[in-house]
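Working through the structure, step by step
Given next are the chains, with one letter for each unit.
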Amino acid sequence: MSETNGKCGCDAEVESPGKRKLLGWIVGVINLGLIAAIVGPVAGFIGSPLARKRKGTWIELANVDDIADGSIEEIPFSIEVKDGYRIAEHKYSVFLRREANSFTAFDPACTHLGCRIKYQQRQHRFICPCHGGVFDDSGNVVSGPPPRSLDTHKLKIEAGKVWLYKEV
Amino acid sequence: MARETLTPESPVEHPSPPTTPEEKLERDRPGLKEWLDLRLGWWGFVRKNLDEEMPPGVGWWQTLGNLLLTLLIFQFTTGVALAMFYTASPEGAYQSVKHITYEVPLGSFVRGLHIWGSSAIVVVMVLHTLRVFFWGSYKKPRELTWVVGVLIFQVILAFSFTGYLLPWDQKAYWATVVGTRIAGTVPFIGDSLVVLIRGSEEVGALTLTRFYAAHVMILPAILLALVGLHLYLVRRHHIAGPVVPQRGKPVPFYPNQLFKDAVVLLFGIGIVIYFALAFPPSLEALADPTGTDFAPRPEWYFLGLYELLKIMPPGYELLATIIIPGMISIGMLILPWLDRSKSRHPAARQWIIFMGLAVILLIGVLTLKGILETPVHPEGGHSAVANFVPLT
Ligand code: FES
């Protein structure tokens, strides 16, 4: 056995199989540690948006008296949002529907894949330009691929005004 | 050996010129070319590749891989150039792309090469894949060459998706809103996936930096590794040749096949340059999350998926977003193991050919439907100019 070891033909010292196995094992453990040392922090860093807490605020939308009974109006508003490293004024809007004294605020994002719906006054329909989703005045799906009715926002009426709760 | 038997009577021997690399290394003053070659072994490598034998029947169809590689090098080069003028922030992205497109000398051309290059890459990649599919070249021992190729295919699509957002115009913004929401349809973890991809709940500054990092760092690194592996495997297992072996002698890659490659490159790259000049890139209006007069549409090669989403009845959208695309991707990846026939002949693997044709037909018809239904821009091809003026 010893004479075939190494090119020089001399008696190279042979480690015992046990020692070789142990060393190989330690190298493996060190490598795993190194992988964990780089993957752990980087994954936590990249994944940190998952842990972000959303903050909710009440926003004044409109005067109750300005919204006619039976109408649906698009109301734009904007909020200061912390968008990563920057604080920016983000524009949003909702479709505010009034029926007698009850108000509903539909989110303009289509429930299919998030395109922006439009309200067609004459047909009394919300139309999505992307894949042809159609919703009725109550936000229910009439046709197209959207899986559920339009999302609505929490509202409150205070001092003659409609307030909307928005999480950003 | 010879030295030991030398006697004064031995004939005078002139040192013979060195022949083995070791002898050459010992030589005092090799020329620069030789000095380099002795260290790099470059010429041997080049020769080996130029002398690679092409089985008879290899010809024009086998030039597509080279064209793809060249298009990728062009894409890489124009991409680096564009990155020198680009800023990945919601304030800067649109302005910097506008600057590139309308102010920097040759900016429109370089961006045009990048945009049309991306389309060309998809077209050539599809043709290359179809050639390998119909020739059955993915069979033993080239299974992994195929698998790596399919991975390259997917990386290219990821390139396209991430690059689309970077100009931060309406088209870019809305295609990304919709595209990222597709991940949201994954059961249970969908919402978290969307946040992870967007870097936030909404598409914003962090989405842009995320996509930019993916587009210029992560994906190029992956692509480079995969292309290297693909080329290595292609050379290791050699070209498969026609399905039915043809009579004749194999010919070396150089010069016949390389000449064909060069001709195809000339045409392929020529077409991209023509398109970049004839149809310069444009820019839509700045991304506006509240803008209503915009119907988002994806890049043409995603129109098949787009149309699939459209025709799905409510409640079945998972089929269009995950299941069908996922099954096609997985089916492509495991194709060499789905197709168990020994022979590469299409007749010997009818059901695979049939499935392939069905998928091609599905994607083809849907893409065509999408292209035909694409509204022509009211202001014509140069709508961006109209947008450009009031914004300055
Ligand atoms: S996003 Fe509205 S129908 Fe698809």
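None of the values given here were measured: they were computed from a predicted structure.

What about the overall build of chain A?
When its secondary structure is counted, chain A shows one helix and eleven strands. Helices and strands in chain A line up, N terminus first, as α-β-β-β-β-β-β-β-β-β-β-β. Its C-alpha radius of gyration of 31 Å places chain A more than 25% over the 15 Å reference for a compact globule of 168 residues. Across its three principal axes, chain A shows a C-alpha extent of roughly 100 × 35 × 25 Å. Counting every position in chain A, which comprises 168 residues, the buried fraction comes to 33%. Expressed as a percentage of contacts within chain A between residues at least 6 apart in sequence, the contacts between residues at least 24 apart total 45%. Accessible surface computed for chain A: about 10,400 Å², of which carbon and sulfur atoms make up 57%. Averaging the coordinates of the 22 positive side-chain charges in chain A and doing the same for the 20 negative ones gives two points 2 Å apart.

Structural notes on the sheet that holds strand β4 (residues 102–106) of chain A
Residue and element names in this part refer to chain A. Spatially, four strands are ordered β2-β3-β4-β9 in an open sheet, and the strand pairing comes out antiparallel. A strand with exactly one partner marks an edge of an open sheet, and here the two such strands are β2 (72–83) and β9 (152–153). Relative to strand β3 (residues 86–99), β2 runs antiparallel, the two being bridged by twelve bridges. Directly across from Pro 76, in β3, lies its bridge partner Ser 93.

Looking at the confidence of the model for chain B
The share of residues in chain B with pLDDT of 70 or more is 91%, and the mean pLDDT across the chain is 89. Low pLDDT (under 50) marks residues 378–392 of chain B, which in the prediction has 15 contacts with non-local residues, meaning those over four places away or in another chain.

Things to note about the environment of A:Ala62
Residues and elements named next belong to chain A. Residue placement: Ala 62 occurs in strand β1 (residues 56–63). It is 8.8 Å that separates the C-alpha atoms of Ala 62 and Gly 160, two residues lying 98 residues apart in sequence. Ignoring anything within four residues of it in the chain, the contact list for Ala 62 reads Ile 67, Ile 75, Gly 160, Lys 161 and Val 162.

Section: the packing of aromatic side chains
Residues and elements named next belong to chain A. A complete count under the given rule lists 19 aromatic pairs over all chains for this structure. Between the aromatic rings of Phe 77 and Tyr 92, the centroid separation amounts to 5.8 Å while the plane-to-plane angle is 25°, which identifies the pairing as stacked. Taken together, the residues span a long stretch of sequence, with Phe 77 in strand β2 and Tyr 92 in strand β3 at a distance of 15 residues. You can call Phe 77 buried: its relative accessible area is 10%. Here the basic side chain of Lys 156 rests over the ring of Trp 58, its NZ or CZ set 4.3 Å away from the ring centre. The ring centre of Tyr 92 lies 4.2 Å from the NZ or CZ of Lys 166, which sits over that ring.

Cut-offs and rules
- Counting restarts for each chain, with residues numbered from 1 along the sequence as it is written.
- Note on labels: chains are lettered from A, ligands numbered from 1, in written order.
- Only residues with pLDDT of 70 or above have their local features reported here, since the model is predicted, and side-chain atom pairs are shown and tallied only from 80 upward, although totals for entire chains, interfaces and linings are computed over all residues.
- Each side-chain value is worked out from all heavy atoms of the structure, with water and hydrogens disregarded.
- The helix and strand labels rest on DSSP assignments: H or I over at least four residues marks a helix, E over at least two residues marks a strand, and numbering proceeds from the N terminus.
- Our radius of gyration is a C-alpha quantity, and the globule rule it is checked against amounts to 2.2 Å times the number of residues to the power 0.38.
- Buried, partly exposed and exposed residues are distinguished by accessible area as a fraction of the type maximum, computed with a 1.4 Å probe on protein chains only: under 20%, between the cut-offs, and over 50%, respectively.
- Any pair of residues with heavy atoms lying within 4.5 Å of one another is described as a contacting pair.
- Note that accessible areas follow from Shrake-Rupley with a 1.4 Å probe, and for residues the cover is restricted to the protein chains shown.
- By the counting rule applied here, Lys and Arg register as positive and Asp and Glu as negative, while His and the ends of each chain are not counted.
- The atoms used to mark charge sites are NZ of Lys, CZ of Arg, CG of Asp and CD of Glu.
- At least two bridges found by DSSP between two strands is the condition for calling them paired.
- Residue-level confidence of the predictor, termed pLDDT, takes values from 0 up to 100.
- Working definition: a ring pair exists when centres of Phe, Tyr or Trp rings (six-membered ring for Trp) sit within 6.5 Å. Plane angles under 30 degrees give stacked, over 60 give edge-to-face, the rest tilted.
- Either the NZ atom of lysine or the CZ atom of arginine qualifies as a charge over a ring when it sits within 6 Å of the ring centre and within 35 degrees of the ring normal.

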